[in-house]
Amino acid sequence: MNAYDRRDLGLLLLRLGTGGVLIAHGTQKLFGWFGGHGLEGTGQFMESVGYAPGKASAAAAGLAETGGGALLALGLATPAAGAAAAGAMVGASAVHLPNGFFAQSGGYEYAATLALTGTSLAITGPGRLSLDHLLGHTVNRNWMVPVALGVTAAATSVIVGLRNKRLRQRKEGEQEPLFEE
């Protein structure tokens, strides 16, 4: 096996593993599979952590994870797939940010790792063992990488920014006791 074959096999394994994890997380949100709470329960959670409207936020996150994960696993439309996965995971990282870095403390380590992996696959491409390669890279052109990542970064910045604003407004509405009883 030469280096080129090893790279393709490595990218395939990375895509399948990452895509599978993202599909599982997304279907928890969308359908309640794998112990998830479905759109209703996830929507309530999203609302509680500042993403509003909650049900629409749950659907968007679930679609980005499930769709992005499926496309990554297939190696199809890799720039868009990686960008979608990264955007969803940056949104998840924002929720876990107050808990610090490490996942064992509820931190953003895991979500950030998935975001970085999605971004890396969008940039690197899927390798030869992919539908993109089989279809002549019609939906995996070099110009698509900065466009997909740029659009996703802009949208994610707006969404996370609005979430942060909602959380600040909630906190301003709460008054701490003036005197200890």
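Remember, predicted model here, so these are calculated numbers, not experimental data. (Residues numbered from 1 in each chain as written. Predicted model: local features only at pLDDT ≥ 70, side-chain atom pairs only at ≥ 80, totals over all residues. Heavy atoms only, no water.)

A. Just the packing of aromatic side chains, in detail. Counting across every chain of the model gives four aromatic pairs. Look at Phe31 and Trp33: their rings are 4.8 Å apart centre to centre, the planes differ by 35 degrees, and that puts the pair in the tilted class. Taking relative accessible area as the criterion, Phe31 reaches 49% and is therefore assigned partly exposed. Taking 6.5 Å as the distance between ring centres and 85 degrees as the angle between the ring planes, the aromatic pair formed by Trp33 and Phe34 counts as edge-to-face. For Trp33, a relative accessible area of 48% gives the class partly exposed. Here the aromatic residues Phe31, Trp33 and Phe34 are joined through ring pairs into a cluster of three or more. In this structure, Arg163 is placed above the aromatic ring of Tyr51, and the distance from its NZ or CZ to the ring centre is 5.4 Å. (Phe/Tyr/Trp six-rings, centres within 6.5 Å; stacked < 30°, edge-to-face > 60°. Buried < 20%, exposed > 50% of the residue type's maximum accessible area, 1.4 Å probe, protein only. Lys NZ or Arg CZ within 6 Å of the ring centre and 35° of its normal.)

B. Quick peek at the nonpolar core. Within the largest apolar cluster, 12 residues are counted, these being Leu11, Leu22, Ala64, Leu72, Ala81, Ala85, Ala88, Met89, Ala111, Leu114, Ala115 and Leu121. Not counting the four nearest positions on each side in its chain, Leu121 is found in contact with Leu11, Leu14, Arg15, Leu72 and Thr78. Counting residues in each nonpolar core, the second largest holds eight residues, with Val49, Tyr51, Ala61 and Val95 among its members. (Core = buried A, V, L, I, M, F, W, Y, C linked by side-chain atoms within 4.5 Å. Contact = heavy atoms within 4.5 Å.)

C. Spatial organisation of a nonpolar patch on the surface. Taken together, the side chains of Leu9, Leu13 and Leu129 present a nonpolar region at the surface, about 260 Å² in accessible area. Looking at where Leu9 falls in the secondary structure, it is placed in helix H1 (residues 3-31). For Leu9, a relative accessible area of 33% corresponds to the partly exposed category. (Patch = residues over 30% accessible without salt bridge, like charges linked within 9 Å, V, L, I, M, F, W, Y side chains within 5 Å. Areas by Shrake-Rupley, 256 points an atom, 1.4 Å probe, with all protein chains shown as cover. Salt bridge = Lys/Arg side-chain N within 4 Å of Asp/Glu carboxyl O. Helix = DSSP H or I, 4+ residues; strand = E, 2+ residues; numbered from the N terminus.)

D. Quick look at the environment of Ala56. As for its position among the elements, Ala56 is in helix H3 (residues 54-74). Residues Ala56 and Met46, spaced 10 residues apart in sequence, show a C-alpha to C-alpha distance of 9.2 Å.

E. Broad picture of the packing of helix H2 (residues 38-48) against H3. One way to put it is that H2 packs onto H3 with a least axis distance of 7 Å and a crossing angle of 110 degrees. As summarised for this structure, H2 and H3 are arranged roughly perpendicular, according to the angle between their axes. Here H2 contributes Leu39, Glu40, Thr42, Gly43, Met46 and Glu47 to the contact with H3, which in turn contributes Gly54, Lys55, Ser57, Ala58, Ala59 and Ala61. Here the contact of H2 with H3 is built from residues that sort into five nonpolar, four polar and three charged. (Axes fitted to C-alpha atoms, helices over the stretch in contact; angles between N-to-C directions. Parallel < 35°, antiparallel > 145°, perpendicular 65-115°, else oblique. Nonpolar A, V, L, I, M, F, W, Y, C, P; charged D, E, K, R; others polar.)

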